[in-house]
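The chain contents come next:
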Amino acid sequence: PPVFTGLDNFKNMIADGTFLQTIKVTFFFAFVSVPLKLIFALLVAMLLLKNTKMSGIYRAAYYLPSIIGGSVAVAILWKRMFAMDGVVNKLLGSIGIKTSISWLGDTKTAIWILLAVWQFGSSMLIFLSSLKQIPTSLYEAAMVDGANPVSRFFKITLPLLTPTIFFNLVMQMINGFLAFTQCYIITQGKPMNSTLLYTVYMYQQSFEFYNTGYGAAMAWVMLLMIGLITLFLFATKRFWVYEGGL
């Protein structure tokens, strides 16, 4: 039967080395994967901005990984690709590079396999929609004044996209902290907890170790962390997000 323990679960977190490790790994995962996703999403959106006969197919192809990216099947496929006898090592071997790389068994490389930077389709479509809303007259006026493409990007495109960047940043940051499938299926936190995400450890405590009280306490801490990060982003919004209108 359940027993009320007060704040004991929260006190135990402070002394739990694995708990602190999961926070470190999760913060690294979120703060590395999210910026990379947004950068790639913006680059691809700008490439797909020009309408061609194949634009619809290209957009669907780039968005597809966001739909199936969180599935178990894709995680298993990703695990097999980076196995010792997987496709990645075989491709490297075909061009004369060392093929005995243990991508998932090395603490330095395993976490990078989980980043899933290629799942940027949703952010890409949002960027693409925002790019279409920027009046072409602004670019025409800048070209008349002699502005080069780089200058037009940083003086026109980027400032007018900051509201969209902010939205994508908040949503992707929340998703980054809630990532679960790729870690649970591909590495289960190995090696040496170097890839153990917070959500996976919370799941283990709740449903594998049957420490449901500890898992519930971890869920409250996760809610607090996401809330504080979101609050921080909103607090900094007025310093870098342009909301003056077009």
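Residues numbered from 1 in each chain as written. Predicted model: local features only at pLDDT ≥ 70, side-chain atom pairs only at ≥ 80, totals over all residues. Heavy atoms only, no water.

Caption draft 1: Looking closely at the overall build of the protein chain. Of regular secondary structure, the protein chain possesses twelve helices and zero strands. Along the chain direction, N to C, the helices and strands of the protein chain fall in the order α-α-α-α-α-α-α-α-α-α-α-α. A principal-axis box enclosing the C-alpha atoms of the protein chain has dimensions of 75 × 50 × 25 Å. The burial tally for the protein chain puts 41% of its 246 residues in the buried class. (Helix = DSSP H or I, 4+ residues; strand = E, 2+ residues; numbered from the N terminus. Buried < 20%, exposed > 50% of the residue type's maximum accessible area, 1.4 Å probe, protein only.)

Caption draft 2: How the structure looks around the pattern of salt bridges. Applying the stated criterion across every chain, the model contains two salt bridges. Between Arg80 and Asp85 there is a salt bridge, and its shortest N-O distance comes to 3.2 Å. (Salt bridge = Lys/Arg side-chain N within 4 Å of Asp/Glu carboxyl O.)

Caption draft 3: Focus on helix H11 (residues 198-208). Counting buried positions along H11 yields eight of eleven residues, so the element is predominantly enclosed. Those residues of H11 that sit buried are Tyr198, Thr199, Val200, Tyr201, Met202, Gln204, Gln205 and Ser206. As for H11, its buried residues are in contact with helix H2 (17-47), helix H9 (149-177), helix H10 (181-187) and helix H12 (212-240). Downstream of H11 by one or two residues, Tyr210 has phi in the positive range, about 60°. (Contact = heavy atoms within 4.5 Å.)

Caption draft 4: Inspection of the packing of H2 against H9 at higher detail. Contact geometry for H2 and H9: axes closest at 10 Å, N-to-C directions at 140°. The angle between H2 and H9 falls in the class oblique. Along this stretch, H2 crosses H9, giving a crossing that reads as right-handed. Side by side, H2 and H9 meet where Thr26, Phe27, Phe29, Ala30, Phe31, Val34, Lys37, Leu38, Leu42 and Met46 of the first sit next to Phe153, Leu158, Leu161, Ile165, Asn168, Leu169, Gln172, Met173, Gly176 and Phe177 of the second. In the contact of H2 with H9, the residues fall into 15 nonpolar, four polar and one charged. (Axes fitted to C-alpha atoms, helices over the stretch in contact; angles between N-to-C directions. Parallel < 35°, antiparallel > 145°, perpendicular 65-115°, else oblique. Left-handed = near helix turned anticlockwise from the far one by under 90°. Nonpolar A, V, L, I, M, F, W, Y, C, P; charged D, E, K, R; others polar.)

Caption draft 5: Structural view of the nonpolar core. With 60 residues, the main nonpolar core has Phe19, Tyr198 and Met218 as its most contacted residues. With eleven residues, H2 is the single largest residue contributor to this core. If near-sequence neighbours (up to four positions away) are discounted, Phe19 is found in contact with Met13, Tyr198, Tyr201, Tyr214, Met218 and Val221. (Core = buried A, V, L, I, M, F, W, Y, C linked by side-chain atoms within 4.5 Å.)

Caption draft 6: Up close: the packing of H9 against H12. Where H9 meets H12, the axes come as close as 10 Å, and the angle between the chain directions of the two elements is 165°. In terms of orientation, H9 and H12 fall into the roughly antiparallel class. With respect to the hand of their crossing, H9 and H12 are arranged in right-handed fashion. Contacts between H9 and H12 involve Thr162, Ile165, Phe166, Leu169, Val170, Met173, Ile174 and Phe177 from the former and Met222, Ile226, Ile229, Thr230, Leu233, Phe234, Lys237 and Trp240 from the latter. The residue inventory of the contact of H9 with H12, partitioned by class, reads 13 nonpolar, two polar and one charged.

Caption draft 7: Representation of helix H7 (residues 121-133) in the model. For H7, built from 13 residues, the straight-helix expectation of 18 Å at 1.5 Å per residue is met to within 8% by its first-to-last C-alpha distance of 19 Å. Buried within H7 are the following residues: Gly121, Ser123, Met124, Phe127, Leu128, Ser130 and Leu131. (Expected span 1.5 Å × (residues − 1).)

Caption draft 8: Geometry of the side chain of Thr26. Along the chain, Thr26 falls in helix H2. We classify Thr26 as buried; its relative accessible area is 2%. One polar contact links the side chain of Thr26 to the main-chain amide nitrogen of Tyr198, over a distance of 2.8 Å. Residue contacts for Thr26: discarding those within four places in its chain leaves Phe177, Leu197 and Tyr198. (Polar contact = N/O pair within 3.5 Å; in protein donor to acceptor, adjacent residues only side chain to side chain.)

Caption draft 9: Summary view of the packing of aromatic side chains. Using the criterion set out here, one finds 15 aromatic pairs in the structure. A centroid spacing of 6.4 Å and a plane angle of 20° characterise the contact between Phe40 and Phe120, whose relative ring orientation is stacked. Here Phe40 is found in helix H2, whereas its partner Phe120 is found in the loop between helix H6 (110-113) and H7, with 80 residues between them in sequence. According to the relative accessible area criterion, Phe40 is partly exposed, its value standing at 38%. The class for Phe120 is buried, based on a relative accessible area of 9%. Three or more aromatic residues link up through ring pairs in this structure, and these residues are Phe180, Tyr184, Tyr203 and Phe207. (Phe/Tyr/Trp six-rings, centres within 6.5 Å; stacked < 30°, edge-to-face > 60°.)

Caption draft 10: Structural detail: unusual backbone geometry. Between Lys190 and the following residue, Pro191, the backbone shows a cis peptide bond with an omega angle of -5°. One can find Pro191 in the loop between H10 and H11. Look at Asn193: it is not a glycine, yet its phi comes out positive at around 60°. Summarising the element assignment, Asn193 is placed in the loop between H10 and H11. By relative accessible area, Asn193 is classed as partly exposed at 31%.

Coordinates in, geometry out; function isn't part of it.
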